[in-house]
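Residue-level structural notes
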Amino acid sequence: MSSLTENRSRAGRRANRRHPDSFQSGTPEISIVIPVYNEEDSLDLLCDKIRAVMEEISFAFEIIFIDDGSTDSSSERLEALADENEWVRCITFRRNFGKAAALDAGFSVACGEIIVTMDADLQDDPEEIPNFIAKLREGYDVVSGWKFVRHDPVNKTLPSKVFNGVVSRLSGVQLNDFNCGFKAYRAEALEGLSLYGELHRFIPVLLHWRGYRIGEIPVKHHARQFGQSKYGYSRLLKGGLDFMGVMLNTRYATRPLHVFGGAGLVFGLLGFGILSYLTLLWFAGLGPIGERPLLFLGMLLVMSSFQFVTIGLLGEFIQRQGAGRERRYTIGATRNLDGMGFDPERSAARRLADTARRMKKDSDDESHDDTGRHDKATRRKVHKPKSAAPPKSRIQKLFKRNNTLRDAAS
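A brief structural summary.

Cut-off values and rules
Counting starts from 1 at the beginning of each chain's written sequence and moves along it residue by residue. Local features in this predicted model are restricted to residues whose pLDDT is 70 or higher, and side-chain atom pairs enter the listing and the counts only when it is 80 or higher, whereas totals over whole chains, interfaces and linings include all residues. Heavy atoms from the whole structure form the basis of all side-chain values; hydrogens and water molecules are not counted. Helical segments are the DSSP runs of H or I of at least four residues, strand segments are the runs of E of at least two, and each set is numbered from the N terminus. Here's how the labels work: a residue is buried when its accessible area is under 20% of the maximum for its type, exposed when over 50%, partly exposed in between, all with a 1.4 Å probe on protein chains only. Two N or O atoms form a polar contact when they lie within 3.5 Å of each other; inside protein one atom must be a possible hydrogen donor and the other a possible acceptor, and for residues adjacent in sequence the pair counts only when both atoms belong to side chains. Any pair of residues with heavy atoms lying within 4.5 Å of one another is described as a contacting pair. Strands qualify as paired when DSSP identifies two bridges or more between them. Only the stretch in contact is used when a helix axis is fitted, and all axes are lines through C-alpha atoms; the angle between N-to-C directions ranges over 0 to 180 degrees. Two aromatic rings, drawn from Phe, Tyr or Trp (for Trp, its six-membered ring), form a pair once their centres lie within 6.5 Å of each other, and the interplanar angle then sorts them: stacked below 30 degrees, edge-to-face above 60, tilted otherwise. In this scheme, Lys NZ or Arg CZ marks a charge over a ring once it lies within 6 Å of the ring centre and within 35 degrees of the ring normal.

What follows covers the side chain of Ser168. On the secondary structure map, Ser168 appears in helix α7 (residues 154-171). Judged by its relative accessible area of 9%, Ser168 is buried. There is a polar contact of 3.1 Å between the side chain of Ser168 and the backbone oxygen of Val173. With sequence-adjacent residues up to four places away left out, Ser168 is seen in contact with Val173, Gln174, Leu175 and Phe178.

In this section: the sheet that holds strand β5 (residues 142-147). Here seven strands make up an open sheet; going across it, the order is β3-β2-β1-β4-β6-β5-β7 and the pairing mixed. At either margin of the open sheet sits one strand with a lone partner, and together these are β3 (88-92) and β7 (214-219). In this sheet, neighbouring strand axes are inclined to one another by 20° on average, regardless of whether the strands run parallel or antiparallel. Examined bridge by bridge, β5 and strand β6 (residues 183-186) share three bridges and lie antiparallel to one another. Bridge pairing links Val143 to Ala184 in β6. Helix-sheet contacts for helix α3 (residues 43-57) involve β1 (30-36), β2 (61-67) and β3, and the interaxial angle to β2 is about 160°.

Another point: the pairing of β6. As a general feature of sheets, a regular strand has side chains that alternate between the two faces. As paired elements, strand β4 (residues 114-117) and β6 share four bridges and run antiparallel to each other. Across the sheet, the residue bridging to Thr117 is Lys183, located in β6.

Taken as a whole and assessed by the stated rule, the structure comprises eight aromatic pairs. With a centroid separation of 5.9 Å and 70° between ring planes, the pair formed by Phe107 and Tyr185 is classed as edge-to-face. Linking Phe107 in helix α5 (residues 99-109) with Tyr185 in strand β6, this pair joins segments that are 78 residues apart in sequence. Assigned by exposure class, Phe107 and Tyr185 land together as buried. One Lys or Arg, Arg213, reaches over the ring of Tyr140 and ends 4.4 Å from the middle of that ring.

Pasting the structure below:
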């Protein structure tokens, strides 16, 4: 994988792009990224379906399969497909690293201006690809699929509905199906995106907070024909923990005190209320309060409140110290800034720092030149002639004459 990413950067591949006359020649316009894990029976049929669709819409394309440590014969089947078709690319992991890592590897080598992701189990229908492209042309940067009629057991659909509702409400991204792997992206939206853990579910959330437009279309969903599902109940726990990390790195990335300080404030109010209640009981003489469990709960809440607020303050301090090192915004377009030296890829703080360093360097160079000229003049013993004494004024002459007469009279 590293050799593939080091050979050619995505920017270099796009710079050499030429418009293809057929789907078999030229640099691909559409990259279809497909993670694979033990799907040996569906790979040939999936390739045939994708090829038929791409022939119909006449787009140059490539299929990038990422074998995520399959234990069946998926790897051998992919190698055979790559030998038979020049538009099939394969990446093989040494072990199972997860879907997010597989997508990240596929994104790093994709050449197309449009990148489509889908599963390899034939539950996603390749005939929906033209609908994704049409939606992107409406001005969207990301289009997510929505399995409106889902052919999965209830133990998968019910938890998924709860998960989608919570994520949509808290993230601000109005999608009905975050778990759907059938999505389409503009390639520029994926630049600089790093995926790990279970973050593949939250790519629309990450891109939404970077300023990209998110859309959604209903897609056909088929029942599984081969193999079995690779996800269990543990995905809910992993997804929930990853979602907490996503929220901290998007909504609260620049204001950690709001989330930690807010939690500390809630705990502090609860603890203060409990302790106030116990204090009133003690003043009213309604028995000792030293052995009440409620006292320990109030003390615990107050101490937790101080800890949360302290963590929030430390987060704010660290965030402020790192401000300017990384852009927290994305720029879509500029006007009349071409000749102004404006570089959107560099923060204002960094540009000011570079300017200060350049000015200091110029000042040091001028000082060095002056010193060199002085040393050179000294070595050559070049002495400037003394300037003539300025002529005496008329008043000075009168004073001198008066002094001479006074001396003669005495």
